[in-house]
Amino acid sequence: VKFVIATGSGETHEITGSSIGGGQVKVSAIDGAEVELDGKLPALLVSHTDKPGVIALVSSTLASASVNIATMRVFRKNKGGLATMVLECDQKVQPAIVQLLAALPPIDTVRFVDSVL
């Protein structure tokens, strides 16, 4: 099922997901980027250039902020093109850390999605 949500800031996002029973959902795409989220943990969606060292840069930045990564997946369409990193974390990622990640040169955008369960 696809649906569009609006944020308080006027942005809209297209979410694709499905119900998996028992009141649980699985989100499979956000704004066209592949993801695998169930909403149980806070998550970061990091859009970046696919090149060596980006995963290490993001994970070391989170480690320096004492943010533990619970799961991580990286999706790309083409080698060297745009890729999406989906990181579920054990705790909420503070806005200052999201802004710090977004300012790193290989990073295009960073979105924080809080847990919903």
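Refer to the structure presented above.
Scoring rules and cut-offs
Residues numbered from 1 in each chain as written. Predicted model: local features only at pLDDT ≥ 70, side-chain atom pairs only at ≥ 80, totals over all residues. Heavy atoms only, no water. Helix = DSSP H or I, 4+ residues; strand = E, 2+ residues; numbered from the N terminus. Buried < 20%, exposed > 50% of the residue type's maximum accessible area, 1.4 Å probe, protein only. Contact = heavy atoms within 4.5 Å. Polar contact = N/O pair within 3.5 Å; in protein donor to acceptor, adjacent residues only side chain to side chain. Pairing = 2+ DSSP bridges. Axes fitted to C-alpha atoms, helices over the stretch in contact; angles between N-to-C directions.

Thoughts on the environment of Asn68
Step number 1: Take Asn68: it is sitting in the loop between helix 1 (54–64) and strand 6 (69–76).
Step number 2: Judged by relative accessible area, Asn68 falls into the partly exposed class, the value being 42%.
Step number 3: Between the C-alpha atoms of Asn68 and Lys79, which are eleven residues apart in sequence, the distance is 28 Å.
Step number 4: When neighbours within four sequence positions are excluded, Asn68 is seen to be in contact with Glu88, Cys89, Asp90 and Gln91.
Step number 5: A distance of 2.5 Å separates the side chain of Asn68 from the side chain of Asp90, its partner in a polar contact.

Some words on the sheet that holds strand 5 (residues 43–49)
Step number 1: Strand order in the open sheet formed by four strands is 6-7-5-8, and the pairing between neighbours is antiparallel. Strands at the two margins of the open sheet, each flanked by one partner only, are strand 6 and strand 8 (107–113). Going from strand to strand, the sheet's axes swing by 15 degrees on average, the running direction of each strand aside.
Step number 2: Both strand 5 and strand 7 (residues 82–89) contribute to a ladder of seven bridges, which runs antiparallel. The residue bridging Ala43 from the neighbouring strand is Glu88, located in strand 7.
Step number 3: Against the sheet, helix 2 (residues 95–102) makes contact with strand 5 and strand 8, and its axis sits at roughly 160 degrees relative to strand 8, the strand it touches most.

Examining the pairing of strand 2 (residues 12–21)
Step number 1: By the bridge criterion, six bridges tie strand 2 to strand 3 (residues 24–30) in an arrangement that is antiparallel. What sits directly across from Ile15, in strand 3, is Ile30.
Step number 2: Taken together, strand 2 and the strand that follows it, strand 3, pair antiparallel across an intervening segment of two residues, in which Gly22 is found at a positive phi of about 65 degrees.

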